[in-house]
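# Coordinate inspection notes
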Amino acid sequence: MAKKQKTGIMGGTFDPIHVGHLVTAEAVRIEYGLDKVLFIPAGNPPHKQDTGVTPAIHRYIMTVMATYSNPHFFVSPIEIDRAGPSYTIDTIRALNTQYGEQTDFYFITGADAVVDLPTWENIDEILNLCNFIAAARPGCDGDLDKVINYFGEKGRRRIFRLATPELEISATDIRERVKQGRSIKYIVPESVESYIHKEGLYL
Ligand code: ATP
Ligand code: MG
């Protein structure tokens, strides 16, 4: 039998994608020997419905530009193409149907997102289908053990912590900086910075 592929999944709103996402994905890729990382911009995230997320096309283009120079990074429009809110379970099911036999999946999240896992739709089935790598993020490392224990044996088998470089960068802060006319240089790739200014995003 052919060797199993290891694929990382980096889901997010990516409004905009930033260096925190990229450094985290690359650190997990190297540490876990992943063959590739799929960046999946959310279509219409259920938990951010009323906060005015930037149109998906802009978020998708920025994600493509930010990742293109890494031969292991790819972008999937799977959630953007799907009508209605994106649920991770639908994405994982689709990927598993498409590649499941030959692929092990590693879902990459920041420690802040992993703390919410117990509230995710169909989390039990998600944990049957993929591993979770929780990357350290400033200010939110405390509760990971609680989450792992919450899921018991399955949690210990499926959820892992990785000490990645802790970068105090968030998309929320970047949007505020743009609004206030402050610099976002070096917190996002140059191409993303140019795109934000050219399209007048976050003003
Ligand atoms: P926002 O401020 O709008 O919530 P964000 O910076 O948290 O944006 P998201 O698109 O919400 O970015 O995050 C996608 C994924 O990337 C989540 O799992 C999140 O925890 C993770 N992530 C975001 N920023 C970092 C960072 N600086 N370090 C590690 N992980 C991060
Ligand atoms: Mg976030």
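Higher on the page you've got the structure.
Residues numbered from 1 in each chain as written. Chains lettered and ligands numbered in written order. Predicted model: local features only at pLDDT ≥ 70, side-chain atom pairs only at ≥ 80, totals over all residues. Heavy atoms only, no water.

### Focus: the nonpolar core
- The biggest cluster of nonpolar side chains holds 29 residues, and the ones touching the most others in it are Ile-17, Val-37, Phe-39, Met-62 and Ile-196.
- Breaking this core down by element, the ones donating at least two residues are helix H1 (19–31), strand E2 (36–41), helix H2 (56–67), strand E3 (73–75), strand E4 (103–110), helix H9 (171–179) and helix H10 (190–199).
- Residues in contact with Phe-39, not counting those within four places in the same chain, are Met-10, Phe-14, Ile-17, Leu-22, Ala-25, Thr-63, Thr-67, Phe-73, Phe-74, Val-75 and Ser-76.
- Grouped together as the second largest cluster of nonpolar side chains are 22 residues, Ile-40, Phe-107, Ile-123 and Phe-132 included. (Core = buried A, V, L, I, M, F, W, Y, C linked by side-chain atoms within 4.5 Å. Buried < 20%, exposed > 50% of the residue type's maximum accessible area, 1.4 Å probe, protein only. Helix = DSSP H or I, 4+ residues; strand = E, 2+ residues; numbered from the N terminus. Contact = heavy atoms within 4.5 Å.)

### A closer look at the sheet that holds strand E1 (residues 5–12)
- Taken in spatial order, the 6 strands make up an open sheet running E3-E2-E1-E4-E5-E6, and their pairing is parallel. What marks the edges here is a single partner per strand, and that holds for E3 and strand E6 (159–162). The mean angle between the axes of side-by-side strands here comes to 30°, regardless of whether they run parallel or antiparallel.
- In this structure, E1 lies alongside E4, joined through 6 bridges in parallel fashion. Note that in E4 the partner of Met-10 across the bridge is Ile-108.
- Helix H4 (residues 88–99) rests against E1, E2 and E4 of the sheet, and its axis sits at about 155° to E4. (Pairing = 2+ DSSP bridges. Axes fitted to C-alpha atoms, helices over the stretch in contact; angles between N-to-C directions.)

### A short note on the environment of Ile-184
- Residue position: Ile-184 is located in the loop between H9 and H10.
- In contact with Ile-184, not counting residues within four places along its chain, are Ile-174, Arg-177, Val-178, Glu-193, Ile-196 and His-197.

### Topic: the site of ligand 1
- Taken together, 21 residues lie around ligand 1, and Thr-13, His-18, Asp-112, Ala-171 and Thr-172 are the ones closest in.
- Here His-21 contributes a side-chain N or O atom positioned 3.0 Å from an oxygen atom of ligand 1.
- Contact between ligand 1 and Ala-171: an oxygen atom at 2.8 Å from a main-chain N or O atom of the residue.
- In the complex, 90% of the free accessible area of ligand 1, which totals 600 Å², lies under the protein chains.
- Secondary-structure elements contributing two or more residues to the shell around ligand 1 are E1, H1, E4, helix H5 (111–114) and H9.
- Looking at the shell around ligand 1, its residues break down into 6 nonpolar, 11 polar and 4 charged. (Near = heavy atom within 4 Å. Polar contact = N/O pair within 3.5 Å; in protein donor to acceptor, adjacent residues only side chain to side chain. Areas by Shrake-Rupley, 256 points an atom, 1.4 Å probe, with all protein chains shown as cover. Nonpolar A, V, L, I, M, F, W, Y, C, P; charged D, E, K, R; others polar.)

### Structural notes on the packing of aromatic side chains
- Taken as a whole, this structure holds 8 aromatic pairs when the rule is applied.
- Taken together, a centroid distance of 5.1 Å and an interplanar angle of 35° make the contact between Phe-107 and Phe-132 tilted. Of this pair, Phe-107 sits in strand E4 while Phe-132 sits in strand E5 (residues 131–135), and the two are 25 residues apart along the sequence. Side by side, Phe-107 and Phe-132 carry an identical accessibility label, which is buried.
- For the pair Trp-120 and Phe-132, a centre-to-centre distance of 5.8 Å together with 70° between the ring planes defines the contact as edge-to-face. Placement of Trp-120 in the loop between H5 and helix H6 (123–129) and of Phe-132 in strand E5 is noted, with a sequence separation of 12 residues between them.
- Judged by relative accessible area, which is 0%, Phe-132 ranks as buried.
- Here the aromatic residues Phe-14, Phe-39 and Phe-73 are joined through ring pairs into a cluster of three or more.
- When the ring centre of Phe-74 is taken as origin, the NZ or CZ atom of Lys-36, which lies over that ring, is 5.5 Å away.
- The lysine or arginine in question, Lys-36, covers the ring of Tyr-99, its NZ or CZ lying 5.5 Å from the ring centre. (Phe/Tyr/Trp six-rings, centres within 6.5 Å; stacked < 30°, edge-to-face > 60°. Lys NZ or Arg CZ within 6 Å of the ring centre and 35° of its normal.)

### Examining the pattern of salt bridges
- Taken as a whole and assessed by the stated rule, the structure comprises 9 salt bridges.
- In this structure, Asp-124 engages Lys-154 in a salt bridge whose closest nitrogen and oxygen atoms are separated by 3.3 Å. Remark: Lys-154 occurs in helix H8 (residues 152–158) and Asp-124 occurs in helix H6; sequence separation between them is 30 residues.
- A salt bridge links Glu-193 to Lys-185; the nearest nitrogen and oxygen atoms lie 3.3 Å apart. (Salt bridge = Lys/Arg side-chain N within 4 Å of Asp/Glu carboxyl O.)

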